[in-house]
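Understanding the architecture of this molecule
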Amino acid sequence: IDNHPDMDNPTIGGYARLAYVIKEIREEKQNMNEDVLLFSAGDIIGGTPFSWLALERVPFDILAMHKLGYDATAIGNHEFDYGPDVLADYLLAAGYPGAHTIMPILGTNTEAPQDHALAKQGLYKDYHIIELENGLRIGLFALLGKHAISVSPNAQGVTFKDQEETAKQAVAYLKEQAVDIIMALSHSGD
């Protein structure tokens, strides 16, 4: 693990650092018989030096998240940086929709046109339920916030439902599914 407190950015190391910390926490919690869940609130494609690989449909970031054991992720505004077609190709290259069994991608208030690959092939989900070994059921949904939507000019054709109304509907649906805990993955910023 790289940690340089004398530098302006003391935390360097990217995925290697993240893998180390995740492994350390999981080992600690396993010794205490506690579950660990790992989520991302989005921006898988944007924000790393590997994001340009999305243009080549090389899903490095998602595959790394699979290896690290993420339990779910939300769609962020940067997923649309190169447009919905590139996002769809990227997710297909990462093995979706089948890869939802590894790490579901959630976009509860995201609405792709019905004839677009994002919707037609089920490349993102509205909800996901995790059942822990102790029987605890956790219901998940994800929202893209108003500001994030406003900085997603390349999401042509994709629309976004009202966050508050979508959250109410998601909570009602997940309660019907008899979950014990309801969690929202919120990507409200950039």
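Above this text you will find the structure in question.
Below is a summary of the structure that appears in this document. (Residues numbered from 1 in each chain as written. Predicted model: local features only at pLDDT ≥ 70, side-chain atom pairs only at ≥ 80, totals over all residues. Heavy atoms only, no water.)

1. Digging into the sheet that holds strand S3 (residues 39-40)
- The strand order across the open sheet built from 3 strands is S3-S4-S5, with neighbouring strands paired in parallel fashion. Unpaired on one side and paired on the other, S3 and strand S5 (105-106) mark the two borders of the sheet.
- Bridge count for S3 against strand S4 (residues 72-74) is 2 bridges, and the pairing is parallel. Within S4, the residue paired with Phe39 across the bridge is Ala72. (Pairing = 2+ DSSP bridges. Helix = DSSP H or I, 4+ residues; strand = E, 2+ residues; numbered from the N terminus.)

2. Some thoughts on the pattern of salt bridges
- Under the definition given, this model contains 4 salt bridges.
- A salt bridge links Glu27 to Lys23; the nearest nitrogen and oxygen atoms lie 3.1 Å apart. You can see Glu27 and its partner Lys23 sitting in helix H1 (residues 14-31), 4 residues apart, about one turn around the helix.
- For Glu27, a relative accessible area of 37% puts it in the partly exposed group.
- Between Lys29 and Glu34 there is a salt bridge, and its shortest N-O distance comes to 3.2 Å. (Salt bridge = Lys/Arg side-chain N within 4 Å of Asp/Glu carboxyl O. Buried < 20%, exposed > 50% of the residue type's maximum accessible area, 1.4 Å probe, protein only.)

3. Focus on helix H6 (residues 163-176)
- Given a rise of 1.5 Å per residue, 14 residues ought to cover 20 Å, and the 20 Å separating the end C-alpha atoms of H6 matches this to within 8%.
- All buried positions along H6 are accounted for by Gln163, Thr166, Ala167, Ala170 and Leu174. Viewed along the axis of H6, the buried residues span an arc of 100°, placing them on a single side of the element. Of the residues in H6, the exposed ones pointing more than 90 degrees away from the buried face are Glu164, Lys168, Lys175 and Glu176.
- Contacts made by the buried residues of H6 are with strand S7 (127-131), strand S8 (137-144), helix H5 (146-150) and strand S10 (181-187).
- Capping of H6 at its N-terminal end is provided by Asp162; its side-chain oxygen lies 3.2 Å from the backbone amide nitrogen of Glu164.
- Two residues or fewer past H6, Ala178 is found with a positive phi of approximately 60°. (Expected span 1.5 Å × (residues − 1). Arc of directions from axis to C-beta. Contact = heavy atoms within 4.5 Å. Polar contact = N/O pair within 3.5 Å; in protein donor to acceptor, adjacent residues only side chain to side chain.)

4. What to know about the environment of Lys146
- Note that Lys146 resides in helix H5.
- Residue classification places Lys146 among the exposed positions, given a relative accessible area of 62%.

5. Let's talk about the side chain of Gln163
- Position of Gln163 among the secondary structure elements: in helix H6.
- Looking at Gln163, the relative accessible area reads 13%, which means it is buried.
- With near-sequence residues (within four places) excluded, Gln163 lies in contact with Asn109, Leu143, Leu144, Gly145, Lys146 and Ile149.

6. Quick look at the sheet that holds S10
- Taken in spatial order, the 3 strands make up an open sheet running S7-S8-S10, and their pairing is mixed. Of all strands in the sheet, those with a lone pairing partner are S7 and S10, marking the two edges. Each neighbouring strand pair of the sheet contributes to a mean axis angle of 25°, computed without reference to strand direction.
- Across 5 bridges, the pairing between S7 and S8 is antiparallel. By the bridge assignment, His128 is partnered in S8 with Leu140.
- Sheet strands in contact with H6 are S7, S8 and S10, and its direction is about 165° off that of S8. (Axes fitted to C-alpha atoms, helices over the stretch in contact; angles between N-to-C directions.)

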